[in-house]
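What follows is each chain in one-letter form.
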Amino acid sequence: MAQLDILAFGEPLMELAETKRGEDNLYLPGFGGDVSNCAIAAARLGAKTGVFSHLGEDKFGSDFLELWDKEGVDRSTVVVRPGTRTGIYFISYGPEGHIFTYLRKGSAASLVGPADLPLKAIENTKILHVSGISQAISGSCADAGFAAIHHARRNGVTVSYDTNLRLRLWDLDRARAVINAAVGLADIALPGMDDAQQLTGLDKPEDICQFYLKNGSSIVALTMGKSGTMIATKSEVQVIPAHPVNAIDATGAGDVFDGAFLTEWVKDHNPFRAAAFANEAAALSTLGQGAVAPMPTRAQVEAFMAQK
Ligand SMILES: O=C(O)C(=O)C[C@H](O)[C@H](O)CO
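About the thresholds
Counting restarts for each chain, with residues numbered from 1 along the sequence as it is written. Given that this is a predicted model, residues contribute local features only at a pLDDT of at least 70 and side-chain atom pairs are listed and counted only at 80 or more, while totals for whole chains, interfaces and linings are drawn from all residues. With hydrogens and water excluded, all non-hydrogen atoms of the structure serve as input to the side-chain values. Secondary structure elements follow DSSP: runs of H or I no shorter than four residues count as helices, runs of E no shorter than two count as strands, and numbering proceeds from the N terminus. Only C-alpha atoms enter the radius of gyration, while the globule expectation follows 2.2 Å times N to the 0.38, with N the number of residues. Categorising residues by exposure relies on relative accessible area from a 1.4 Å probe, with only protein chains included: less than 20% of the type maximum marks a residue as buried, more than 50% marks it as exposed, and the intermediate range marks it as partly exposed. Two aromatic rings, drawn from Phe, Tyr or Trp (for Trp, its six-membered ring), form a pair once their centres lie within 6.5 Å of each other, and the interplanar angle then sorts them: stacked below 30 degrees, edge-to-face above 60, tilted otherwise. A cutoff of 4 Å decides nearness: a residue is near a molecule or strand if any of its heavy atoms lies inside that distance of it. N or O atoms closer than or at 3.5 Å make up a polar contact, with two conditions inside protein: a donor-capable atom paired with an acceptor-capable one, and, for residues adjacent in sequence, both atoms drawn from side chains. Side-chain atoms within 4.5 Å link the members of a nonpolar core, which is a set of buried Ala, Val, Leu, Ile, Met, Phe, Trp, Tyr and Cys residues. For this analysis, residues touch if any pair of their heavy atoms sits within 4.5 Å. Take a side-chain nitrogen of Lys or Arg and a carboxyl oxygen of Asp or Glu: if they are within 4 Å of each other, that pair is a salt bridge. In short, DSSP must find at least two bridges between two strands for them to pair. A score from 0 to 100, pLDDT tells how confident the predictor is in each residue. Inter-axis angles, ranging from 0 to 180 degrees, are taken between N-to-C directions of lines fitted to C-alpha atoms, where helices are fitted over the stretch in contact.

## A few points about the overall build of the chain
And step 1. Along its length, the chain carries 11 helices and 14 strands.
And step 2. Its C-alpha atoms give the chain a radius of gyration of 18 Å, within 12% of the compact-globule value 19 Å for 308 residues.
And step 3. Its C-alpha atoms put the chain at 50 × 50 × 40 Å along the principal axes.
And step 4. The 308 residues of the chain split such that 58% are buried.

See below:
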């Protein structure tokens, strides 16, 4: 297998997004799962990406295999696990934005453990991408996340980590313990502002970035919604402005940011330029419903940047 830019480890989820049409409450089918979203977003922008997970022996599992093939995402290490199911989530919309409801307990992906890791594929990628959700879904996945990260580090592979805090999956104390330990082993920390405030107990973006730098990361990309992204390295801190849009659904926007950021960073290791590109891609991804359908192509991002 040719070397990948990004290998993403975590759970793909079938998606059903509420479409309130008149009195009827219909659900639009789609695809989600944070790290699969990241891999697809990056592939649409030209990166060589792959996913590692286990899928259920069901229609949704085959749908994911087809989706990744169509999107050019390598899935050669993905395993369909006999007798298991693929996880599902529903998106509803409230005054505060989207609300997720999960049907994922005992899913194929949650059964992954350290012994299942594709060690050769981890050695053969430039970046291993893991998230808080990848580790929240079960004890064995928490262990597998750490084992994957340690294996990547031992082999000189860059590790990126999105904190993606989901308190429907675990309590804050355990989430803090696992995520703060794992992100401290990652070269690139990708926290969102709300997550970071809860995980660090800090308020100000500058303090949060310093927390992640002291915790062990060498690059922090703190996404702050309409306020843009704060990029911090040991020698420089900059806020990269957001491109304002009338968002329809922010589901997956953080994952698109991750995919776009890593796609650009891997080319020249310039996190400031990467964040400027990724802010545009993430803004565009909020203009449609669901996680994967509205992800932009490189041509769309470039045209959007030119409008600024
Ligand atoms: O919440 C999760 O576990 C998901 O992966 C569903 C969504 O696709 C994801 O959260 C969007 O970031």
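Back to the text.
## Structural notes on the packing of aromatic side chains
Remark: the centre distance and the inter-plane angle together describe each pair of aromatic rings, the angle taken between the planes.
And step 1. In the structure shown here, the tally under the stated rule is eight aromatic pairs.
And step 2. Aromatic pair F257 and F261: ring centres 5.7 Å apart, planes at 15°, arrangement stacked. Of the two residues, F257 and F261 both sit in helix α9 (residues 253–268), four residues apart, roughly one turn of that helix.
And step 3. Under the relative-accessibility criterion, F257 is labelled buried at 3%.

## Details of the site of the ligand
And step 1. The full set close to the ligand counts 13 residues, and Y89, Y102, R104, R166 and D255 are the nearest of them.
And step 2. With respect to the ligand, the side chain of Y89 contributes an N or O atom lying 2.9 Å from an oxygen atom.
And step 3. Between R166 and the ligand, the recorded distance is 2.8 Å, taken from a side-chain N or O atom to an oxygen atom.
And step 4. The set of elements that each furnish at least two residues to the shell around the ligand consists of α1 (34–44) and β8 (97–103).

## Focus on the nonpolar core
Side chains of a nonpolar character, in soluble globular proteins, are inclined to be buried together.
And step 1. Counting 49 residues, the largest nonpolar core has W68, F257, F261 and W265 as its most contacted members.
And step 2. Apart from the residues within four sequence positions on either side, F257 is in contact with L190, A221, T223, T229, A275, A278, N279 and A282.
And step 3. Core analysis: the second largest hydrophobic core is formed by 44 residues, V159, L199, I208 and V220 among them.

## Some details on the pattern of salt bridges
And step 1. Going through the model one piece at a time under the given rule, you end up with 13 salt bridges.
And step 2. The salt bridge partner of R81 is D116, with a shortest N-O separation of 4.0 Å. One end of the pair, R81, is in strand β6 (residues 79–81); the other, D116, is in the loop between β8 and α3 (119–123), with 35 residues separating them in the sequence.
And step 3. Under the relative-accessibility criterion, R81 is labelled partly exposed at 24%.

## A closer look at unusual backbone geometry
And step 1. Phi is positive for N164, which is not a glycine, with a value near 20°.
And step 2. As for its placement among the helices and strands, N164 is situated in the loop between β10 (158–162) and α6 (172–183).
And step 3. For H269, which is not glycine, the phi dihedral falls at a positive 60°.
And step 4. Inspection of the secondary structure puts H269 in the loop between α9 and α10 (271–284).

## Some remarks on the side chain of T19
And step 1. Examined against the element boundaries, T19 turns out to sit in strand β2 (residues 13–21).
And step 2. Once you skip the residues sitting within four places of it in the chain, T19 turns out to touch D24, N25, L26, Y27, L28 and Q289.

## A closer look at the pairing of strand β13 (residues 229–233)
And step 1. Taking burial as the measure, the five residues of β13 include five buried ones, the bulk of the element.
And step 2. Burial along β13 is two-sided: the face carrying T229, I231 and T233 and the face carrying M230 and A232 are both buried.
And step 3. Here five bridges tie strand β12 (residues 219–223) to β13, and the two strands are oriented antiparallel to one another. When the bridges of β13 are listed, T223 appears paired with T229.

## Some words on the confidence of the model for the chain
And step 1. Averaged over every residue, the pLDDT of the chain is 97; the share at 70 or more is 99%.
And step 2. Here the complex is predicted with pTM 0.97, and the ipTM for its interfaces comes to 0.97.

## Considering the sheet that holds strand β4 (residues 49–52)
And step 1. A sheet is described by the order of its strands in space; here eight strands give the open sequence β4-β1-β9-β10-β11-β12-β13-β14, paired in mixed fashion. At either margin of the open sheet sits one strand with a lone partner, and together these are β4 and β14 (237–240). Pairwise comparison of adjacent strand axes, ignoring direction, gives a mean angle of 20° for this sheet.
And step 2. The pairing of strand β1 (residues 4–9) with strand β9 (residues 125–131) spans four bridges and is classified as parallel. Its bridge partner lying in β9, L7 is registered against L128.
And step 3. On the sheet, α1 packs against β1, β4 and β9 and is oriented at approximately 165° with respect to β4.

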